[in-house]
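# Inside the fold
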Amino acid sequence: MKTWAKAEVSAGGERATLIVALGVTVLAALGFGGQAGAQDWREPLRQPEHDAALDRSGPDAGASRLAQTSMPQSEFDIPAQPLTSALTLFGRQSGLQVSVDGALVRTLSTAGVRGRMTADQALQRLLAGTGLTYSRAGDATIVIRALAEQDDDAALRLGPITVEGAAESAYGPVDGYKASRSATATKTDTLILDIPQSIQVVPREVIEDQKANSLSDVARNISNVQSSGTFGNRQEALRIRGFEQTAFATDGIPSNPFFGDQIFLDLANVERVEVLKGPASVLFGPSEVGGLVNLVTKQPLDEPYYAAEMTVGSFEFLRPTVDVSTPLNEDRSLRVRFNGAYQRNDSFRDFFIDSERIFAAAVGAWDISPDTRLTLNAQYAEQENQFDRGLVAVGDGVADIPDSRYLGERFSQVEAEQVRARYLLEHDFNSSWQLRSSFRFVAGDSLRFSADPRGVQADNRTLNRRALRQRDDFRDFRFQNDVIGEFATGFLDHKLLIGAEATRAERRVKFATGPLAPIDIFDPIYGAQPGPLGPAIINDYRIHVAGFYVQDQISIGEHWQLLVGGRFDYADFRSELSGSETNPSEQDFTPRVGLVYKPIQSVSLFAGYGESFEPVVGTTFDGSPFKPETGKQIEAGIKAEFMDNRLSATLAAFELTRQDVLTADPDNPGFSVQTGEQRSRGVELDIAGEILPGWRVIASGAYIDAEITEDNRFEPGNRINDVPDFSGSIWSTFEIQQGDFKGLGFGAGLFAVGQRDGDLANTFKVDGYVRTDATVFYSYNEHIEASLNIQNLFDVDYIEASRSRNEIYPGAPLTVLGTLSLRF
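Given the structure is predicted, the values throughout are model-derived calculations rather than measurements.

### So, the overall build of the protein chain
What the protein chain contains, in helices and strands, is 8 helices and 48 strands. For the protein chain, buried positions account for 60% of its 824 residues. By sequence separation, contacts in the protein chain at least 24 residues apart represent 67% of the contacts at least 6 residues apart. As presented, the protein chain carries roughly 31400 Å² of accessible surface, and 55% of it is formed by carbon and sulfur atoms.

### Regarding the packing of aromatic side chains
Going through the model one piece at a time under the given rule, you end up with 13 aromatic pairs. Note on Tyr423 and Phe439: the rings are 6.5 Å apart at their centroids and 40 degrees apart in plane angle, and the pair reads as tilted. Of this pair, Tyr423 sits in strand β27 (residues 413-428) while Phe439 sits in strand β28 (residues 433-456); the two residues are 16 residues apart in sequence, bridging distant segments of the chain. Members of the aromatic cluster, connected to one another through ring pairs, are Phe351, Phe352, Tyr406 and Tyr526. Arg241 extends its terminal NZ or CZ atom over the ring of Phe654, reaching a point 4.0 Å from the ring centre. Cation over ring: Lys639 sits above Phe606, and NZ or CZ is 4.9 Å from the ring centre.

### A closer look at unusual backbone geometry
The phi dihedral of Arg241 falls on the positive side, at around 50 degrees, and the residue is not glycine. Tracing the chain through its elements places Arg241 in the loop between β14 (238-240) and β15 (243-245). For Arg241, a relative accessible area of 0% gives the class buried. For Asp644, which is not glycine, the phi dihedral falls at a positive 55 degrees. As for its position among the elements, Asp644 is in the loop between β36 (629-642) and β37 (647-664).

### A word on the pattern of salt bridges
Where charged atoms from two side chains of opposite charge approach closely, those side chains can pair. As enumerated under the stated definition, the model contains 57 salt bridges in all. The shortest N-O distance in the salt bridge between Glu684 and Arg241 comes to 2.5 Å. Within this pair, whereas Glu684 is found in strand β38 (residues 672-692), its partner Arg241 is found in the loop between β14 and β15, the two being separated by 443 residues in sequence. Across the salt bridge formed by Lys765 and Asp757, the nearest N and O atoms sit 2.9 Å from each other. Under the relative-accessibility criterion, Asp757 is labelled buried at 5%. Within the structure, one salt-bridge network assembled from shared partners comprises Glu244, Arg389, Arg448, Asp452, Arg466, Arg803 and Glu807.

### A closer look at helix α2 (residues 83-94)
Taking 1.5 Å per residue, 12 residues should reach 16 Å; α2 reaches 16 Å between its end C-alpha atoms and fits that length. In terms of burial, α2 is largely enclosed, as 10 of its 12 residues are buried. If you check which residues of α2 are buried, you get Leu83, Ala86, Leu87, Thr88, Leu89, Phe90, Gly91, Arg92, Gln93 and Ser94. Positive phi appears at Gly95, one or two residues downstream of α2, with a value of about 80 degrees.

### Concerning a nonpolar patch on the surface
Together, Tyr306, Val322, Val324, Phe338, Tyr778, Tyr780, Ile784, Leu820, Leu822 and Phe824 give the surface a local cluster of nonpolar side chains, amounting to about 890 Å² of exposed area. Counting residues per element, the ones that place at least two in the nonpolar patch are β21 (317-327) and β48 (815-823). Relative to the elements of secondary structure, Phe338 occurs in strand β22 (residues 334-345). Exposure remark for Phe338: the relative accessible area of 35% places this residue in the partly exposed category.

### A short note on a negative patch on the surface
A cluster of acidic residues, Glu382, Glu384, Glu415 and Glu417, forms a negative patch on the protein surface. When contributions to the negative patch are tallied by element, the ones reaching two or more residues are β24 (372-386) and β27. Examined against the element boundaries, Glu417 turns out to sit in strand β27. Look at Glu417 and you get partly exposed, because its relative accessible area is 32%.

### Section: helix α4 (residues 119-127)
Three or more residues of α4 are buried, namely Ala119, Asp120, Ala122, Leu123, Leu126 and Leu127. Axial view of α4: buried residues confined to an arc of 165 degrees, hence all on one face. Remark: Gly129 follows α4 within two positions and exhibits a positive phi of approximately 80 degrees.

### So, the sheet that holds strand β18 (residues 270-277)
Spatially, the 5 strands line up as an open sheet ordered β12-β18-β19-β16-β17, and their pairing is mixed. Strands at the two margins of the open sheet, each flanked by one partner only, are β12 (199-203) and β17 (253-254). Relative to β17, strand β16 (residues 249-250) is paired through 2 bridges, and the arrangement is antiparallel. Note on β17: the bridge partner recorded for Ala249 is Pro254.

### As for the nonpolar core
Residues Ile207, Val273, Val293 and Leu295 are the most contacted members of the largest nonpolar core, which totals 31 residues. Not counting the four nearest positions on each side in its chain, Val293 is found in contact with Leu238, Ile240, Gln245, Phe248, Ala249, Val273, Glu274 and Val275. Residues Ala86, Leu87, Val98 and Tyr134 belong to the second largest nonpolar core, which totals 23 residues.

Criteria and cut-off values
One numbering rule holds for all chains: residues counted from 1, following each sequence as written. It should be noted that, the model being predicted, local features are given only for residues of pLDDT at least 70 and side-chain atom pairs only at 80 or more, the latter also being counted only at that level, while totals for whole chains, interfaces and linings use all residues. Here the side-chain values reflect all heavy atoms present in the structure, with hydrogen atoms and water set aside. In this description a helix means any DSSP run of H or I spanning at least four residues, a strand means any run of E spanning at least two, and both kinds are numbered starting from the N terminus. Classification of residues uses two cut-offs on accessible area relative to the type maximum, computed with a 1.4 Å probe and protein chains only: under 20% is buried, over 50% is exposed, and between them is partly exposed. Pairs of residues are marked as contacts when any of their non-hydrogen atoms sit within 4.5 Å. Calculation of accessible area relied on Shrake-Rupley with a 1.4 Å probe; when residues are assessed, cover is drawn exclusively from the protein chains displayed. Only centres within 6.5 Å qualify two rings of Phe, Tyr or Trp (six-membered ring in Trp) as a pair; their planes then separate them into stacked at under 30 degrees, edge-to-face at over 60, and tilted for everything else. Should the NZ of a Lys or the CZ of an Arg lie within 6 Å of a ring centre and within 35 degrees of the ring normal, that charge is described as sitting over the ring. In what follows, salt bridge is the name for a side-chain nitrogen of Lys or Arg lying within 4 Å of a carboxyl oxygen of Asp or Glu. Given a helix with a known number of residues, its expected span is that number minus one, times 1.5 Å. Residues enter patches when they are more than 30% accessible in relative terms and free of salt bridges; like-charged ones are connected within 9 Å and nonpolar ones (Val, Leu, Ile, Met, Phe, Trp, Tyr) within 5 Å. Counted as positive: Lys and Arg. Counted as negative: Asp and Glu, with His and the chain ends omitted from the count. Each charge is placed at NZ for Lys, CZ for Arg, CG for Asp and CD for Glu. Arc definition: directions from the helix axis to the C-beta atoms. A strand pair is defined by DSSP finding two or more bridges across the two strands. To define a nonpolar core, start from buried Ala, Val, Leu, Ile, Met, Phe, Trp, Tyr and Cys residues and group those joined through side-chain atoms within 4.5 Å.

So this is what it looks like as structure tokens:
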């Protein structure tokens, strides 16, 4: 069953509302992939007694009154941790509501409690040595207060609430820059410290402070993650630990690896962006080896919430957004939320048309019963852009032309639209077992008529081009059922996940090419029109995947945790390319194992091993279908939280190998064989959190050695293109907390990328760069905020991504954005 937790904490006159969604899961049949539901298998919380009078009979009255209720014993498992999160767990496990002033517990910790006992006994042990006691407000609400307090205090002024705690949920918002929990790595709500794999979270507050408008903007905050271009201004691609990622997950459901998203993903409804580094196939099936990017979306709130924002800026940038959430009935069992965005902008590139985007997302939540919940959401996106592959290489470097130089034509445009629909059904069988069933449908199409660059002639100034008209239509169906249960065997505590998944995806590509006059890259003359297009070529793709997976998170005493998992997939592919059909099938098993040692609760040492696989379309010279690409990773590191858990850090070392890569067939020109191998290894550091009240930071640093180790076309030892040896970032903001200037804040950041090779043949270099961003903002009150962001403050010329000699994406020059936000 799912319990909804809400805390209103009064501190310094400010009130923060945090909503924590909890849940649990169990399987029945082959089912539907979906948002990993919240995972804490506890008794439900009872409704508060709104008409109950507070007991103010003295500091010890709470204990005696609570004892007199003859409450039954419950099983408590609350490790040593900050008191705020410990009280949250107590509320879930006891079924009681706990009200507390955040200022009282912000710096306190507890030794925890474990065993079967009454709620009274458990709470006394949690509060031992803290200088706090408790009293009752009705039959089901506990008020925490200081021992010396006899009268009204901040906690008592809160009145009846639905639950306590400033604790974080893996499926909800993050308070500040530091996330403590994630479900991306395990499909369960798990402390990041307890995950034996590197995972980084960029919360909504970072996105808003930086005015990030794309996944590439977000990714620059994370070590060893960079932009990998946009496939002609159509969609995003990232590189994670040296390897490309084009299929991104939303609420734990990945896009099909064959197709990616084929559209820019809007961030208007995104609560947090999580990056799991390394193979993720054990839980998500066919996927790219570098890692998984998961967008966790906003969910309906218990309280009415209304927000509107307008951003205007350089290059005629215009972006209004709305965010509306409200309950639909008195008991708030029905809730809805809507996010919408419109964006229109010119470009620093010499485009002929403006880019335009429309985005809308609606989600509804229904608590059918205390044990059953249903979530429905739908999403629509539409975009129209100038098709653009950027600059080109000349000799051993990028052509010496302005970054604004456009090498296409007015007719070269691309448009796309996409719809998504999903349901998530969760049912709690008891306090330890839950079923989570989900289904998602995605459909979309895109149309492009483009001027494609085809290489610079020997004169080093004339660029050959061709015209291409292409239409893509695709559909994707994904079903998933998960069972999650918690139990003990002797001294071992288990959190078991059992899941089954079925996926069907289809894509049809119809394209035709024709001649197009070349263009002088130094003195372009526009207006060329395409010649007659050749006959249309139709390629059809289809993939069916059925997967079954098991994962066990095992706690061994207080210091050791073991994660083991495995997945078996059966995949059936069909591709019809120019009338030639192949229909291979593959079976694959992907294991994962990891170990965590926590000498103290705020430090964990981890090591892990995992594998991945990804389908490959096509055949060898003799007609044999290609087998899936495979990957494997070995990783070890340390995670820690500092400064009363306000600041977190992850230091990791890794080696990641991509195998069965397509490479040229030396005996049959025009065909490929799967003998290629690429490897990356490196060290990286990520830091995020709050140094002092109002002073927040997110930073990263990385070294990576990414190279080709085996290939028939490229020299072994060549660097993987667009992967810098060294990269790093730091972004920090400070907001004045009191006085006449309270609410005024400043921020600045540096984003550094080292020199890179521009293509796999290593024929040219791309210079490194350091970009500087800055912001100033002012919160007039809790309802009105204004901000000014300057991106690329010193107007540095730089290359953001290089895919080949004919596809090099320059970064934007100095850009100014002004934003006005209203929230009610």
